[in-house]
Amino acid sequence: MESVVEISHLKTTYGARVIHDDISFRIFKGDIFALLGGSGSGKSTLLNTMIFLKEPAGGEVKILGKNIWKLNPKDSLDMKLNLGVLFQFGALFSSLNVLDNIMLTLREYTHFSPKDIQDLALMWLMRVGLEKEVANLYPNELSGGMVKRVGLARALALSPKILFLDEPTSGLDPKSARHFDALIAQLRDLLGISIIMVTHDMESVKSVVDRMMILKDKKVFFEGSLAHLKAQVESLDTFLEHI
Ligand SMILES: Nc1ncnc2c1ncn2[C@@H]1O[C@H](COP(=O)(O)OP(=O)(O)OP(=O)(O)O)[C@@H](O)[C@H]1O
Ligand SMILES: [Mg+2]
């Protein structure tokens, strides 16, 4: 199995406080991988070490075969372009309409013509299941589920190899959450990307996640598939409710 992410002996700290103490795990190409753990266990911090937002105090974060914290500025920019990120609250610019939000990175990082950029943005808008008419709306005119989809279209605009999602279904009603799960699985199948998500949503874990890791007491408490986890615990539901 080819790995897209390999974390080895990672240590992270905030000042004197240790958050991750010598953790190692890997994420395979084409997988939907979940980062789980209780509140404050360090899920977001861990995600941040993979998207250039939190420098580790020790160990390695290897993505697509490269130690991302050792890259020179040019290689680091190339690496960043391989990574799409959907932040927890969508992080759309409220003063820009949907289409402009999606076009931002295309304008900044490609040399495509304005017409091509617009066509690409519209293509992504439709690919995440939104109507063309949504292009002209502003973020405050969107439902929670639509904000997530627009954020997803923006994260995908540059055709990343790896997509990072922080709590993608939090704040959505159950029906929208399941639709979002289905969309994620569809995009993975269609685009062949690898997806890494922080989630509290156990329905997502049960329906779309291939492998997962659970953080506990600064260490990796579990790494593997749902079937693998099922074989290790008495009741999966009770276990998942308590992490
Ligand atoms: N910038 C920071 N400075 C200092 N401490 C921080 C910082 N960010 C996070 N922490 C602390 O590090 C620990 C891990 O935080 P993190 O946000 O990674 O956890 P989490 O698992 O994502 O939690 P949640 O489920 O609540 O989002 C927490 O105790 C938090 O208070
Ligand atoms: Mg968090």
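That block above? That's the structure.
Just so we're clear, the structure is a prediction, and the values are computed from it rather than from any experiment.

Basis of the calculations
- Residues numbered from 1 in each chain as written.
- Chains lettered and ligands numbered in written order.
- Predicted model: local features only at pLDDT ≥ 70, side-chain atom pairs only at ≥ 80, totals over all residues.
- Heavy atoms only, no water.
- Pairing = 2+ DSSP bridges.
- Helix = DSSP H or I, 4+ residues; strand = E, 2+ residues; numbered from the N terminus.
- Contact = heavy atoms within 4.5 Å.
- Axes fitted to C-alpha atoms, helices over the stretch in contact; angles between N-to-C directions.
- Salt bridge = Lys/Arg side-chain N within 4 Å of Asp/Glu carboxyl O.
- Buried < 20%, exposed > 50% of the residue type's maximum accessible area, 1.4 Å probe, protein only.

J.: Looking at this structure, I do not really get the sheet that holds strand E2 (residues 17–28). What am I missing?
T.: Either a parallel or an antiparallel arrangement is found when strands of a sheet pair, and the pairing is made through backbone hydrogen bonds. Taking strand neighbours across the sheet as the criterion, the 4 strands line up as E2-E1-E4-E5 in an open arrangement whose pairing is antiparallel. Bordering the open sheet on either side are E2 and strand E5 (66–67), each of which pairs with just one other strand. As defined by bridge partners, strand E1 (residues 3–14) adjoins strand E4 (residues 58–63) across 5 bridges and the pair is classed as antiparallel. For Ile7, the partnering residue across the bridge sits in E4 and is Val61. Contacts between helix H1 (residues 43–50) and the sheet are confined to E1, E2 and E4, with E1 contributing the most and set at about 120 degrees to the helix.

J.: Even after reading the chapter, I still don't get the pattern of salt bridges, so can you show me in this structure?
T.: Should the charged atoms of two oppositely charged side chains come close, the side chains can pair. Enumeration over the complete set of coordinates arrives at 10 salt bridges. A salt bridge links Asp210 to Arg188, with the shortest nitrogen-to-oxygen separation between them at 2.8 Å. Here the residue Asp210 occupies a position in the loop between helix H7 (202–208) and strand E9 (211–216), and Arg188 occupies one in helix H6 (residues 174–191), the gap between them amounting to 22 residues. Note on Asp210: relative accessible area 27%, which makes it partly exposed. We note a salt bridge from Glu223 to Arg211, for which the minimum N-O separation is 2.8 Å. Within this pair, whereas Glu223 is found in strand E10 (residues 219–225), its partner Arg211 is found in strand E9, the two being separated by 12 residues in sequence. What you see here is one network of salt bridges that share partners, running through Arg178, Asp181 and Asp201.

Any functional reading would require information beyond the geometric quantities listed.
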